[in-house]
Amino acid sequence: MIYYGEESKRARENFDLQHRRTDLHLIYAIVDVKKAAAETYSELGIKPDVYRAVMTACDRVLAGKADDQFITEALQGGAGTSTHMNVNEVLASIASEELGRPVHPIDDVNRGQSTNDVYPTALRIASIRGVRALSEECAKLQESLQRRENEFESIEKLGRTELMDAVPVTLGEEFGSMAQAIARDRWRIYKEEERLRQVNLGGTAVGLSDTADRRYRFRVIEILRRQTGIGLAAAEYPMDITQNNDVFVEVSGLLKALAVNLMKLSEDLRLMNSGPYGGLGEIRLKPLQKGSSIMPGKVNPVIPEMTMQCSMRVIANDTAITMAASRGEFELNAFLPLIADSLLESLHLLTQTCTIMREKCIGTLTADADRCHAILDHSLARATSYVPALGYDTVTKAILDGGSPEEIMERLEAMREENRPAKHQ
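Reference entry: report on the structure contained in this document. This is a predicted model, so every value here is computed, not measured. (Residues numbered from 1 in each chain as written. Predicted model: local features only at pLDDT ≥ 70, side-chain atom pairs only at ≥ 80, totals over all residues. Heavy atoms only, no water.)

### Things to note about the pattern of salt bridges
Per the counting criterion, the structure on display carries 36 salt bridges. In this structure, Arg-160 engages Glu-282 in a salt bridge whose closest nitrogen and oxygen atoms are separated by 2.9 Å. Placement of the pair is Arg-160 in strand β1 (residues 156-161) and Glu-282 in the loop between α10 (246-273) and β5 (283-284), with a sequence separation of 122 residues. Since its relative accessible area comes to 27%, Arg-160 is described here as partly exposed. A relative accessible area of 0% means that Glu-282 is categorised as buried. (Salt bridge = Lys/Arg side-chain N within 4 Å of Asp/Glu carboxyl O. Helix = DSSP H or I, 4+ residues; strand = E, 2+ residues; numbered from the N terminus. Buried < 20%, exposed > 50% of the residue type's maximum accessible area, 1.4 Å probe, protein only.)

Written as structure tokens, this is what we have:
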């Protein structure tokens, strides 16, 4: 059974990118808006039988029973009109089937609405759901890192700055630093929901509520708030929300910050895992698959590598969102589909990445305490501790005089003993 209509078909033909379809999370959020609108009109006594049928159609779609009917490409001209009409047509067809007589996709399903208020409202709903899921996964990743912090607190190792020997640290402290970075990301992302709650639903074309019943405007957001469980609020200035998409740039910027921290974390894990014989070998990542089709026994750090690639995509998406948001003209931004596709992809990628990193990397890695100690003992990292007693220049000269690290450290210790004030008898 085909429920979409001619407008959906035209969009499929016009934007035949064969890239990917509009994200179903966005489709479902649009349907949430349609259901709230239908319930509002039913309450107002406007065609109650028609709008009961539309609500039934919405429930059917939200149950995943019409996923194959949403055929528009994610990237499209028209500020999202094609996807919006695809939803209108599918709901109208299912409602017509339910009611036993025609339900019009525009006059009925889209009464008092516009792509320009429905689509951005839906994107905010889908984004808030994504933000909540991501914040929860960040919390779990943070907790996993903190468990490693506690487990490895007594494993002393060589600290490095600019990849050069620095001072002693513990492996636990390094994992604790990773946990702190993810904790900041978790809090920032969690708080971003507040910025997404203002919606312009009821503002129709440009935020001035053309064609929208005044009673509908005041009631529909209340119903949508109840249906979604999200604290949505009517925008104080709907025209602003219709024109400007800076809030999505803000959200994307915080996602980029998380991506940056995940990349840094992953790179550290790759370096500490390097070897197993010719590298650092301070930790061991769980071997998950063959690392080479020619080199026997080679195992690669595939989860950190995957994480870094996902992070790179999120950073690229941030650039796309920034460019798209800046290119709106006057009362509307025609490039909202690119913002939607990029933002929802970033939210999904980061959520899945945090889960996989936690389950298949952080939660399964092991520490090689002996290797950590051996590298530290064969370094001059402890030389810095002699500077307060001997002075920077004296310690530097002792190092430059040469010898093995062990010999240099013995010399420094002897020099400190010689300079130690005699105890009073």
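### So, the environment of Ile-283
Its location among the elements puts Ile-283 in strand β5. Excluding its chain neighbours within four sequence positions, the residues that come into contact with Ile-283 are Leu-171, Leu-269, Met-272, Asn-273, Leu-365, Thr-366, Ala-367 and Asp-368. (Contact = heavy atoms within 4.5 Å.)

### Brief notes about helix α16 (residues 405-419)
With 15 residues, α16 should cover 21 Å at 1.5 Å per step; its first-to-last C-alpha distance of 21 Å lies within 8% of that length. Looking only at α16, the buried set comprises Pro-405, Ile-408, Met-409 and Leu-412. Burial along α16 is one-sided: seen end-on, the buried residues are contained in an arc of 95°. Among the exposed residues of α16, those pointing more than 90 degrees away from its buried face are Glu-410 and Glu-418. In this fold, the buried residues of α16 make contact with α14 (387-390) and α15 (392-400). (Expected span 1.5 Å × (residues − 1). Arc of directions from axis to C-beta.)

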